[in-house]
Amino acid sequence: MTKLTELTLCEARDGLVNKQFSAQELTQAHIEKIEETRALNAYITETPDIALKMAQASDEKLAKKEELRPLEGLPIGIKDLFCTKDIRTTAASKILDDYKPQYESTVTQNLWDAGAVLLGKLNLDEFAMGSSNLTSAYGPVISPWKIEGNDRQFVPGGSSGGSVAAVAAGSALATTGTDTGGSIRQPAAFAGIVGLKPTYGRCSRYGIVAFASSLDQAGPLTKDVRDAALMLKIMASHDPKDATSATIPVPDFEKLLSGNISKLKIGIPKEYRVEGLNPEIDALWAQGIEWLKSAGAEIQEISLPHTKYALPTYYILAPAEASSNLARYDGVRFGLRVPGQTLDELYELTRAEGFGKEVKRRIMIGTYVLSAGYYDAYYLKAQKIRRLIQQDFEEAFKKVDVILTPTTPTAAFAIGEEPKDPVTMYMNDVLTVPANLAGIPGLSVPASFTKEGLPLGLQILGPAFEEGRILNVGYVLEQAAQFKEKALKLRTST
Amino acid sequence: MSEKNNYIQGKTGPWEVVIGLEVHAQITSKAKLFSGASTVFGGDPNTQVSFIDAGFPGMLPLINNFCVEQAIKTGFGLNAQINKISIFDRKNYFYADLPQGYQISQHLYPIVGKGYLEIELEDGTVKRINITRLHLEQDAGKSIHDQHPNKSYIDLNRSGIALMEIVSEPDIRSVEEAQAYIKKLRGLLRYLGTCDGNMEQGSLRADVNVSLRRPGEDYGTRAEIKNVNSVRFMGQAITYEIQRQMEILENGGQIDQETRLFDASKGITRSMRNKENAHDYRYFPDPDLPPLVLSDEEIERIRALLPELPDAKKARFIRDYQLSAYDAGVLSSELETVSYFETALKHLKEANEKSIKQLANWIIGELFAALNRDSLLIEASKVSPQSLAELINFIYEGTISGRLAKDIFTEMWETGEHPDKIINAKGLVQVSDEGEIATVIEKILNENQDKVMEYQSGKDKLFGFFVGQVMKVMQGKGNPTIINKVLLEKLKS
């Protein structure tokens with residue numbers, strides 16, 4: 001029998017229902033895996049006691065054969081950006097210190113209500129600001145992926161670095177992430193797993209530590225597409241506590257995985273052949289097109305003319321909102337406080353010590369672009385371009401059903417070899433930010449490897465609230481790519 | 001419209017003061033603007049705070065639709081345009097009692113646009129003060145600096161409470177106009193039930209912008225006096241500010257554009273921060289709140305909820321009750337006075353021009369005098385509107401004379417009794433029996449034969465003397481109409 005930590009979420013669900021193992025056994029296996037892989041630094045806070053207690057409760061329900069909840073007894077990890085009641089929530093920042101929320105985020109509440117088991121809180125870039133997980137105050141996460149005969153440690157990507165590392169290493173069946181500019185899809189591609197950023201408004205933002213409110217969206221990180229469909233069904237809901245939450249009904253995404261995409265029109269945006277695109281990724285993109293074509297889809301080149309402005313637009317709007325969202329971390333009511341002689345000194349000392357370098361940089365950029373005299377040139381202009389980018393997609397989706405692109409311009413880089421200037425680092429997000437700016441859903445599916453053996457992903461973008469459609473295309477790609485099988489071969493050969 | 005000027009004579013010539021008001025009115029609502037926390041005044045510190053109001057991580061604001069309705073009602077009261085789309089912005093600044101690090105306000109697209117308010121001045125002229133806008137915003141908490149030698153305490157009960165900021169055009173030209181404006185606005189808000197107008201508790205406070213100019217010239221540089229919280233202080237603050245600015249200008253100086261505070265204990269204003277230190281609020285649309293979109297149906301539904309407003313009420317009192325403009329104005333300007341008057345009106349046995357005029361006179365005369373004497377508000381009057389109406393009924397029916405009524409009113413004020421009890425207990429019912437009155441008259445005439453002779457020889461003025469004598473004997477209870485009639489007959493014979 002396959003090891004319990006190698007099961008997918010859906011396989012584990014079926015195993016529990018068929019009494020092949022208990023929720024406590026399943027949870028215990030994952031707790032052991034967490035201990036075994038602690039060097040990856042995926043978890044900031046481990047909650048084994050809570051996990052076993054929840055698993056026990058699930059076993060009781062499973063024994064009674066009551067109407068089973070969809071995630072009954074399935075152990076998962078939560079990005080440490082989601083507030084969890086009475087459980088430390090850090091946002092990977094020193095400024096939140098030992099903060100224990102008195103409330104539960106809507107997304108995590110939905111998961112617990114569905115019977116999921118909490119293994120712990122997962123590492124991330126500080127306040128989700130980063131593409132490498134190197135900015136965490138709790139240290140970097142190390143990717144479980146290695147190159148044969150090479151000691152270099154690779155980044156898992158970010159900001160949901162702990163979330164992808166846990167899934168890839170088998171220390172959680174699935175995890176939650178958040179995606180503001182690619183923070184689910186980029187690390188999913190780096191770690192060879194599936195990551196879905198839903199439509200803006202699909203999952204409630206209530207109780208998620210805010211980075212950039214108009215872009216932030218929670219989504220699942222999973223071992224395969226079916227798991228992502230199952231997770232999203234539970235995570236998504238209309239939440240009256242979030243004024244930006246969508247009222248559109250949540251379908252059963254798993255049922256939409258037909259594998260049939262014949263006649264589906266796939267758009268290939270020419271502007272995504274960006275400078276610095278790794279030739280291996282370019283080749284994978286071409287391969288992806290072929291896979292979909294052989295599955296009966298029609299391929300069509302399209303234009304998203306404002307693509308080149310997406311990255312600069314994102315790096316104006318996201319820091320602007322962040323500079324305001326992070327003003328509340330002032331040492332007055334919760335989290336870290338470094339006392340000062342005056343109120344201003346208290347602010348200065350607390351924020352100087354509490355925030356890391358990247359967070360400070362973004363607060364500075366954001367403050368600058370909102371300042372009198374610069375607002376029109378930066379923030380306002382960026383808002384206008386954002387509208388144009390949205391229109392690009394609206395136009396494109398009149399012609400095609402989904403859009404296929406690579407997820408990232410490069411594969412994961414080794415820790416210590418990361419770009420030293422922030423702008424080059426920001427280039428990591430170039431293929432993912434447009435979806436956030438447009439509010440549309442995007443899915444990253446692991447599809448291939450570099451010749452060194454590091455994972456590469458393909459991204460499928462769809463119109464708002466068409467997660468079911470992109471999941472189905474992802475399902476087809478997944479079957480064509482045979483990524484898991486190749487990975488297994490790769491691993492057994494090393 | 002008033003065209004008279006209010007120029008102030010300086011040493012170097014006349015000056016005109018230009019005033020604009022930004023009034024912050026706390027919306028009457030059980031819950032805060034973006035959370036369900038209570039808004040009751042006077043709770044123990046930090047007992048009426050939700051995680052939203054305290055700016056905790058991951059908390060999101062949710063608009064309180066009742067507060068929106070209140071703002072729209074107020075907009076109608078200000079004869080203003082209601083904007084079908086308005087946008088909430090974040091006004092960013094750091095302060096210990098501002099938990100989110102920003103105040104949610106409406107910057108470029110307020111919920112209510114241009115309107116006006118008509119004020120009446122003492123000389124009876126009416127002046128229109130234009131309103132620029134009304135927008136919704138949340139209040140900050142309170143910093144308490146005097147509880148500890150080197151610490152400040154923060155009370156967040158007020159944090160997140162809904163405010164309406166009502167901005168006037170710089171149309172105000174004197175202290176009197178400023179005070180008339182704030183009083184009129186306060187009355188209107190109380191009528192509408194959208195703000196309790198309690199200036200002492202801070203439910204209504206004004207930022208006063210004051211500048212001077214030579215008549216006919218462009219506006220001068222203004223100083224803004226923050227958080228003035230009474231009508232009297234407003235007068236003092238403006239008066240002080242006019243003198244201060246005039247002195248600077250007449251000595252060739254320049255006014256700094258700055259924010260000033262009014263020090264009520266000294267009656268002066270002093271500088272708080274100048275333009276260089278002014279905040280850069282970095283306004284931008286709040287991404288947590290979608291634009292506020294109102295449908296025509298919603299706006300019309302709220303319009304239908306409006307009560308009769310002070311100006312309309314005044315016009316109706318003049319038209320239907322034939323009250324003078326002055327009386328109608330006094331009776332309609334304050335919600336409590338109107339309520340007293342209209343309740344009393346319902347208890348008049350016969351409401352006609354005469355009895356209503358009598359009621360108005362009694363409220364504005366005797367009742368107001370008694371309230372002033374005891375420093376009471378009309379809602380705490382010791383004579384209820386029903387009782388006063390009963391008293392008017394007795395006068396109207398001729399049961400008691402006007403003179404006696406004043407004594408009875410005094411008794412009512414002191415004891416809280418209904419007038420009928422007092423009248424019965426003291427036997428104060430007016431005597432209208434002709435026989436009884438005739439007996440008294442005959443006695444008086446007998447005792448004053450000489451005066452009767454004088455009267456009959458043409459000294460008409462003596463008629464009043466006889467009436468007085470009769471009233472004296474009858475202890476004021478004689479019906480004056482009957483006395484006059486019988487006396488005239490007796491003197492003729």
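Residues numbered from 1 in each chain as written. Chains lettered and ligands numbered in written order. Predicted model: local features only at pLDDT ≥ 70, side-chain atom pairs only at ≥ 80, totals over all residues.

> Explanation requested: the domain arrangement of chain B in the structure shown.
The parts lose accessible area when they come together, and the size of an interface is often stated as this lost area. Here chain B is described as being made up of domain 1 (8–303), domain 2 (310–426) and domain 3 (434–492). Partitioning the side of domain 2 of chain B that touches domain 3 of chain B into residue classes produces one nonpolar, two polar and one charged. (Domains from an automatic or database assignment. Nonpolar A, V, L, I, M, F, W, Y, C, P; charged D, E, K, R; others polar.)

> Please clarify how the environment of H24 of chain B should be interpreted in this entry.
Residues and elements named next belong to chain B. Mapping H24 onto the fold places it in strand β2 (residues 13–26). The exposure class assigned to H24 is partly exposed, which follows from the 19 C-beta atoms found within 10 Å. In the structure, H24 is positioned 182 residues away from A206 in sequence and 6.0 Å away in space, judged by C-alpha atoms. Setting aside anything within four residues of it in sequence, one finds H24 in contact with L163, E165 and R205. (Helix = DSSP H or I, 4+ residues; strand = E, 2+ residues; numbered from the N terminus. Buried ≥ 20, exposed ≤ 12 C-beta atoms within 10 Å, placed from the backbone. Contact = placed C-beta atoms within 7 Å.)

> Quick question: what am I supposed to make of helix α3 (residues 48–64) of chain A here?
The α-helix winds at 3.6 residues per turn, so residues separated by three or four positions along the chain end up facing the same way. Residues and elements named next belong to chain A. Helix length check: α3 (17 residues) gives 24 Å between terminal C-alpha atoms against 24 Å at 1.5 Å per residue, within 8%. Among the residues of α3, A51, M54, A55 and S58 are the ones counted as buried. Each buried residue of α3 sits inside an arc of 105° when the element is viewed along its axis, so together they form one side. Exposed side chains of α3 directed beyond 90 degrees from the buried face belong to D49, E60, A63 and K64. Here the buried face of α3 lies against α2 (23–36), β2 (75–79) and β3 (117–122). (Expected span 1.5 Å × (residues − 1). Arc of directions from axis to C-beta.)

> What is the right way to look at the packing of helix α6 (residues 325–333) of chain B against helix α8 (residues 353–373) of chain B in this model?
Residues and elements named next belong to chain B. Contact pair α6 / α8: the axes reach a minimum separation of 11 Å and the direction vectors enclose 65°. Between α6 and α8, the angle falls in the class roughly perpendicular. Crossing angle aside, the handedness with which α6 passes α8 is left-handed. Residues D327, V330 and L331 of α6 touch α8, and the partners they reach there are A360, I363 and I364. Here the residues of the contact of α6 with α8 sort into five nonpolar, no polar and one charged. (Axes fitted to C-alpha atoms, helices over the stretch in contact; angles between N-to-C directions. Parallel < 35°, antiparallel > 145°, perpendicular 65-115°, else oblique. Left-handed = near helix turned anticlockwise from the far one by under 90°.)

> Teacher, can you tell me more about the interface of chain A and chain B here?
Facing 31 residues of chain A, the contacting portion of chain B comprises 25 residues. At the level of elements, α9 (310–325), α10 (343–354) and α11 (357–370) of chain A are the ones that each hand at least two residues to the side of chain A that touches chain B. It is α9 of chain A that contributes the most residues to the side of chain A that touches chain B, three residues altogether. For the side of chain A that touches chain B, a count of residues per class yields 16 nonpolar, eight polar and seven charged.

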